[in-house]
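Residues per chain are reported as follows:
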Amino acid sequence: AQKITQTQPGMFVQEKEAVTLDCTYDTSDQSYGLFWYKQPSSGEMIFLIYQGSYDEQNATEGRYSLNFQKARKSANLVISASQLGDSAMYFCAMREDTGRRALTFGSGTRLQVQP
Amino acid sequence: ETGVTQTPRHLVMGMTNKKSLKCEQHLGHNAMYWYKQSAKKPLELMFVYNFKEQTENNSVPSRFSPECPNSSHLFLHLHTLQPEDSALYLCASSIAGSEQYFGPGTRLTVT
C-alpha cells in the first residue's frame, strides 16, 4: 500500500482565492511527522510546513495551513489568498519515527494559479 | 554561503563515463540524503548518512556510489550509468528527524 497518496495530479485556482491540496497517509506508527514541500520549475524542494502526530493544533505558516485529521489520516494543505508565484508542484511527505526516519513522498499535485 | 548547494546543476554523460555529484550544506545539520526524482514518479530515497555514517541504502544499484567525508559534504559517484538513470538528483540535509532542506538538484542526462 502507498504510504502517501495525493489524488489530485493537477489543480487550478484563481488568484487571491484559497485552495486545498489533498494528502492521505498510511502508517501504523503512533509517532510520525507530516511535511509539505513546494517544487517550482527550477527544481528546488522548498519546505513549507510541518505537523507532528501529537500536535493538537493544526500547523500554520503564513498563508499555509495544514488541516490535520488524524482519525481520517489526512493532512491537507490549505493555501489562502493564492498568488501567481504559488504555481508549482506540491509534495506531501511523511516521516515515521520508528525504523526508517527518512521521508516518504507522495506523487505530487501541480497547482496552477490563474490571474 | 548558506543553505544546501549542489554542483553541477546540469550534467550530460555517456554510459561509459565516470562523474561525481557534489552536495554541501552550511546549516550545521548532521544528516544528509540523496534522492532521485524521475519524470512522473515520486521522489525516491537513495541513501541516508547520519554523522558521516551510511544508515540507509535503498537498494540502489552499485553504479551509484555515495561518499560522505564529513557532515557538511556528500558526494554521489556515478559509473557506467544507463539511460534510465537520467533524472533530477536532489540532496537534502536535516537535523536527524526534523524537516529536510533540499538543494537545487542536478539534472542528469545519460546518453
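Figured I'd write up the structure that's included with this text. (Residues numbered from 1 in each chain as written. Chains lettered and ligands numbered in written order. Predicted model: local features only at pLDDT ≥ 70, side-chain atom pairs only at ≥ 80, totals over all residues. Heavy atoms only, no water.)

### A closer look at the overall build of chain B
Here is the rule: The helix and strand labels rest on DSSP assignments: H or I over at least four residues marks a helix, E over at least two residues marks a strand, and numbering proceeds from the N terminus. Just to be clear, the radius of gyration here is over C-alpha atoms, and the globule rule we use is 2.2 Å times residues to the power 0.38. Burial classes: relative accessible area under 20% of the type maximum marks a residue as buried, over 50% as exposed, and values in between as partly exposed (1.4 Å probe, protein chains only). We call two residues in contact whenever any of their non-hydrogen atoms come within 4.5 Å of each other.
Scanning chain B from N- to C-terminus turns up 0 helices and 11 strands. Counted from the first residue to the last, chain B has its helices and strands arranged as β-β-β-β-β-β-β-β-β-β-β. Relative to the globule expectation of 13 Å for 111 residues, the C-alpha radius of gyration of chain B, 13 Å, shows essentially globular dimensions. Expressed as lengths along the three principal axes of its C-alpha atoms, the size of chain B is roughly 35 × 30 × 30 Å. By the burial criterion, 50% of the 111 residues in chain B qualify as buried. Looking at chain B alone, contacts between residues at least 24 apart form 52% of all its contacts between residues at least 6 apart.

### Description of the overall build of chain A
Condition: Method for areas: the Shrake-Rupley scheme with a 1.4 Å probe, in which residue coverage is limited to the protein chains shown. All tallies of charge rest on Lys and Arg as positive and Asp and Glu as negative; His and the ends of each chain are not included. Working definition for charges: the position is that of NZ of Lys, CZ of Arg, CG of Asp or CD of Glu.
When helices and strands are counted, chain A shows 0 helices and 12 strands. When the helices and strands of chain A are listed from N to C terminus, the series reads β-β-β-β-β-β-β-β-β-β-β-β. In summary, chain A has a C-alpha radius of gyration of 14 Å against a globular reference of 13 Å for 115 residues, a match within 12%. When the 115 residues of chain A are sorted by exposure, 47% land in the buried category. At a minimum sequence separation of 6, the contacts of chain A that also span at least 24 residues come to 55%. In the form shown here, chain A has an accessible surface area of approximately 5600 Å², with 47% of it arising from carbon and sulfur atoms. Mean positive and mean negative side-chain charge positions of chain A (11 and 12 charges, respectively) differ by 3 Å.

### Remarks on the sheet that holds strand S7 (residues 64-70) of chain B
The strands making up a sheet associate through hydrogen bonds between their backbones, and the pairing can be parallel or antiparallel. All names here are of chain B. Note the cut-off: For two strands to pair, DSSP has to find at least two bridges joining them. Orientation is described by axes fitted as lines to C-alpha atoms, over the contacting stretch for helices, and by angles from 0 to 180 degrees between their N-to-C directions.
Strand order in the open sheet formed by 4 strands is S1-S3-S8-S7, with antiparallel pairing between adjacent strands. The open sheet terminates on both sides in strands that have one partner only, identified here as strand S1 (4-7) and S7. Taken pair by pair, the neighbouring strands of this sheet meet at an average axis angle of 15 degrees, ignoring direction. The pairing of S7 with strand S8 (residues 73-79) spans 5 bridges and is classified as antiparallel. For serine 65, the partnering residue across the bridge sits in S8 and is histidine 77.

### Examining the side chain of threonine 27 of chain A
All names here are of chain A. Counted only if it meets this: Counted as a polar contact is a pair of N or O atoms within 3.5 Å, where, for protein atoms, one must be capable of donating a hydrogen and the other of accepting one, and residues adjacent in sequence contribute only when both atoms are in side chains.
Position of threonine 27 relative to the elements: it lies in the loop between strand S4 (24-25) and strand S5 (32-39). Since its relative accessible area comes to 7%, threonine 27 is described here as buried. A distance of 3.0 Å separates a polar atom in the side chain of threonine 27 from the backbone nitrogen of aspartate 29. With residues up to four places along the chain from it excluded, the contact list for threonine 27 reads Tyr32, Lys73, Met94 and Glu96.

### Points about the nonpolar core
How we decide: The definition of a nonpolar core used throughout is a set of buried Ala, Val, Leu, Ile, Met, Phe, Trp, Tyr and Cys residues joined through side-chain atoms within 4.5 Å.
Grouped together as the largest cluster of nonpolar side chains are 24 residues, with contacts concentrated most on Tyr25, Trp36, Ile49, Leu77 and Tyr90 of chain A. Among the secondary structure elements, those contributing two or more residues to this core are strand S3 (19-21), S5, strand S6 (46-52), strand S8 (64-69), strand S9 (74-79), strand S10 (88-96) and strand S12 (109-114) of chain A. Ranked by residues supplied to this core, first place goes to S10 of chain A with 4 residues. Excluding anything up to four places from it in sequence, leucine 77 of chain A contacts Val19, Thr20, Leu21, Trp36, Leu48, Ile49, Tyr64, Ser65 and Tyr90 of chain A. Listed in part, the 22 residues of the second largest apolar core include Leu21, Tyr49, Leu81 and Leu108 of chain B.

### As for the state of the cysteines
All names here are of chain B. Applicable threshold: Cysteine sulfur atoms are paired as a disulfide whenever they come within 2.5 Å of each other.
Tallying each qualifying case throughout the model produces 2 disulfides over all chains. At a sulfur-sulfur separation of 1.9 Å, the disulfide partner of cysteine 23 is cysteine 91. Every disulfide takes its handedness from the sign of the S-S torsion; for cysteine 23 and cysteine 91 that torsion is -75 degrees, giving left-handed. Here cysteine 23, found in strand S3 (residues 18-25), pairs with cysteine 91, found in strand S9 (residues 87-94); they are 68 residues apart in sequence, far enough to count as distant. Note on accessibility: cysteine 23 and cysteine 91 belong to one class, buried.

### Re the pattern of salt bridges
Residue and element names in this part refer to chain A. Heads up, the rule is: One side-chain nitrogen of Lys or Arg within 4 Å of one carboxyl oxygen of Asp or Glu is enough to make a salt bridge.
Evaluation of the coordinates by the stated rule reveals 6 salt bridges over all chains. Among the salt bridges present, the one from aspartate 97 reaches arginine 95, with a minimum N-O distance of 2.7 Å. Given a relative accessible area of 5%, arginine 95 falls into the buried group.

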